[in-house]
Amino acid sequence: MAPRTDIKRTRIRTLRGRLDHALTRQKLAAAVECTALLETADSDNRARWAQRLGDLYRRLGQLEQAAQAYQRAADAYAHDGLERHAAAMTETKRSTWPAPAL
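Only a predicted model underlies this, so the values are computations on that prediction, with no experimental measurement involved. (Residues numbered from 1 in each chain as written. Predicted model: local features only at pLDDT ≥ 70, side-chain atom pairs only at ≥ 80, totals over all residues. Heavy atoms only, no water.)

A. Representation of the overall build of the protein chain in the model. Counting its regular elements, the protein chain contains 5 helices and 0 strands. Scanning the protein chain from its N terminus toward the C terminus, one meets helices and strands in the order α-α-α-α-α. Overall, the C-alpha framework of the protein chain stretches about 55 × 35 × 15 Å when taken along its three principal axes. Per-residue burial for the protein chain yields a buried fraction of 31% across its 102 residues. (Helix = DSSP H or I, 4+ residues; strand = E, 2+ residues; numbered from the N terminus. Buried < 20%, exposed > 50% of the residue type's maximum accessible area, 1.4 Å probe, protein only.)

Structural data, given as structure tokens:
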């Protein structure tokens with residue numbers, strides 16, 4: 001295994017530990033920070049982290065940020081060929097941040 005891969009795995013493992021710690025203590029701001037870092041660091045699970053980030057923003061009442069994260073999750077799921085997941089994220093986004101009425 002290449003050293004770069006080992007460093008990446010160690011970073012992801014460290015961030016997941018920090019995320020678990022923050023969630024256990026209900027420190028949602030710290031959880032958002034860790035999840036945002038995981039979204040960029042763990043490219044194999046980008047959709048999952050974007051979805052979790054949306055969930056955290058939603059819990060914090062930051063609905064515009066939640067909608068943006070859900071859209072990133074939908075895009076990543078679609079890119080991975082997971083159309084049902086992408087559709088679910090699009091619907092979650094709509095329910096979080098509805099389009100303005102015309």
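Read on, since the account is not over.
B. Representation of the environment of D55 within the structure. Looking at the element boundaries, D55 is found in helix 3 (residues 46-59). Under the relative-accessibility criterion, D55 is labelled partly exposed at 34%. Sequence spacing of D55 and Q65 is 10 residues, and the spatial spacing of their C-alpha atoms is 10.0 Å.

C. Region of interest: the pattern of salt bridges. Taken as a whole and assessed by the stated rule, the structure comprises 3 salt bridges. R18 serves as the salt-bridge partner of E33, at 3.6 Å between the closest nitrogen and oxygen. Placement of E33 in helix 2 (residues 28-41) and of R18 in helix 1 (residues 3-24) is noted, with a sequence separation of 15 residues between them. On the accessibility criterion, E33 (46% relative accessible area) is partly exposed. By relative accessible area, which is 39% here, R18 ends up partly exposed. Between R72 and E39 there is a salt bridge whose closest N-O contact spans 2.8 Å. With R72 in helix 4 (residues 63-79) and E39 in helix 2, this residue pair connects regions lying 33 residues apart in the sequence. On the basis of relative accessible area, R72 is assigned to the partly exposed category, the value being 34%. (Salt bridge = Lys/Arg side-chain N within 4 Å of Asp/Glu carboxyl O.)

D. Spatial organisation of helix 5 (residues 83-96). When the terminal C-alpha atoms of helix 5 are compared, their 20 Å separation across 14 residues agrees well with the 20 Å that a helix rising 1.5 Å per residue should span. A86, M89, T92 and T96 are the residues of helix 5 that are buried. The buried residues of helix 5 occupy an angular sector of 120 degrees when projected down its axis, which confines them to one face. Exposed positions of helix 5 whose direction lies more than 90 degrees from the buried face are E83, R84 and R94. Against the buried residues of helix 5 lie helix 3 and helix 4. (Expected span 1.5 Å × (residues − 1). Arc of directions from axis to C-beta. Contact = heavy atoms within 4.5 Å.)

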